[in-house]
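What follows is each chain in one-letter form.
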Amino acid sequence: MRRFALLTLLTVGAVRLAAAREPSTPHVVLGIHGGLGPDRNEVSPAAERQSRADLEAALRAGYAVLQRPGGTSLDAVEAAIRVLEDSPLFNAGKGAVFTSDGRNELDASIMEGKTLRAGAVAGVTTVKNPITAARAVMDQTKHVLLIGPAADGFAKSAGLQIVEPAYFRTEERWQQHLKAVEKARQSPQGADRHDARAGHSWGTVGAVALDKMGNLAAGTSTGGTSEKRPGRVGDSPIIGAGTYADNASCAVSATGQGEFFIRYSVAHDIAALMKYKGKTVAAAAEEVILDKLKPVGGEGGVIALDAQGNLTAPYNSGGMFRGSITADGQVRIRLFDE
Ligand code: ASP
């Protein structure tokens, strides 16, 4: 396609939006995020290398789908997110954070921009790839969101891969959990306040894609916020909050403090600003992340892709792991404020 002909880069501008309102990156067919990142000095060189490798593998998996004849953005989003769910480094699938009672409860959603069809699961504990369970809800039921053991049961009956809950556990996350438990024991009254203000954990994953038919799709998968109460559901499986896709505007996947993203209907608000106010994807995403969420303390960011392939990735705190691939196969990955 002509509009994808130019070789482009995921510019530094796209990642410094908090400081400078730079234009979005054009010609993108797939964008991904790996959640709010830690500071550079908190990441070992080995973890940095592996994070980059896994983000690239996710981009390549999604891109391969888009290159197939008839390859859809929906399939690309699912393929990319599955790679990140299988990586122990991200807070999704294997490597998810723990609830306050030491379990992994996973949320995911997916949406198709052409039809506004969507599927989601929340609080699942045994389906290996929650994004595929979300997709199955979309494809095989008349519903949008299934929760808890019934959602796991549905995934099993749909033939999806089921694992023991212990599959999701990694030693690093478990140690983080034990530290948090100790902290909560020392100041029990602070536990909920901590969860609301600073309880997010980096590593939620998401993808947005545009296929050759011009269709957008978005998806998000997470273990939620660390030390969340059992049964807590964040924005990631909520259509319009953590995930949204509409060919008439954009595809969005969010990461951050889910309670804010739910209250501010973040993903849908970005789409609505484009649709009803004629804003560009970059202007719409910046308005929501920087002007609306930041002043009220709602930490987080989004990746948002419009139907012309313009990707923007604003975030309002720390850094956000993110990457993109353009129509010509150029991969760009940014972990920090680079
Ligand atoms: N948004 C996710 C949630 O609130 C967490 C995150 O993105 O870090 O469940």
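Structure: above.
Report on the accompanying structure.

### Observations regarding the side chain of E85
In step 1: Relative to the assigned elements, E85 resides in helix 3 (residues 73–86).
In step 2: No salt bridge is formed by the buried E85. Its closest oppositely charged neighbour is R82, at 6.1 Å.
In step 3: Excluding residues that lie within four positions of it along the chain, E85 makes contacts with A92, G93, K94, K128, N129, P130, I131 and S221.

### Looking at the pairing of strand 11 (residues 319–326)
In step 1: With 8 of its 8 residues buried, strand 11 lies for the most part within the structure.
In step 2: Residues G319, F321, G323 and I325 line one face of strand 11 and the alternating positions M320, R322, S324 and T326 line the opposite face, and both faces are buried.
In step 3: Across 7 bridges, the pairing between strand 1 (residues 28–37) and strand 11 is antiparallel. Bridge assignment links G31 to a residue of strand 11, and that residue is S324.
In step 4: Direction of pairing for strand 11 relative to strand 12 (residues 331–334): antiparallel, over a ladder of 4 bridges. Across the sheet, I325 pairs through a bridge with V331, a residue of strand 12.
In step 5: Count of turn residues in the strand 11/strand 12 antiparallel hairpin: 4 residues, of which G329 carries a positive phi of about 90°.

### With respect to the packing of aromatic side chains
In step 1: Inspection of every chain in the model, using the stated rule, returns 3 aromatic pairs.
In step 2: Between the aromatic rings of Y167 and F168, the centroid separation amounts to 5.1 Å while the plane-to-plane angle is 75°, which identifies the pairing as edge-to-face.
In step 3: Ring geometry for F321 versus F336: centroids 6.2 Å apart, planes at 80°, classification edge-to-face. One end of the pair, F321, is in strand 11; the other, F336, is in the segment after strand 12, with 15 residues separating them in the sequence.
In step 4: By relative accessible area, which is 0% here, F321 ends up buried.
In step 5: For F336, a relative accessible area of 6% gives the class buried.
In step 6: Positioned over the ring face of Y167 is K94, at 4.9 Å from the centre of the ring.

Parameters at a glance
- Residues numbered from 1 in each chain as written.
- Predicted model: local features only at pLDDT ≥ 70, side-chain atom pairs only at ≥ 80, totals over all residues.
- Heavy atoms only, no water.
- Helix = DSSP H or I, 4+ residues; strand = E, 2+ residues; numbered from the N terminus.
- Buried < 20%, exposed > 50% of the residue type's maximum accessible area, 1.4 Å probe, protein only.
- Lys, Arg positive; Asp, Glu negative; His and termini not counted.
- Salt bridge = Lys/Arg side-chain N within 4 Å of Asp/Glu carboxyl O.
- Contact = heavy atoms within 4.5 Å.
- Pairing = 2+ DSSP bridges.
- Phe/Tyr/Trp six-rings, centres within 6.5 Å; stacked < 30°, edge-to-face > 60°.
- Lys NZ or Arg CZ within 6 Å of the ring centre and 35° of its normal.

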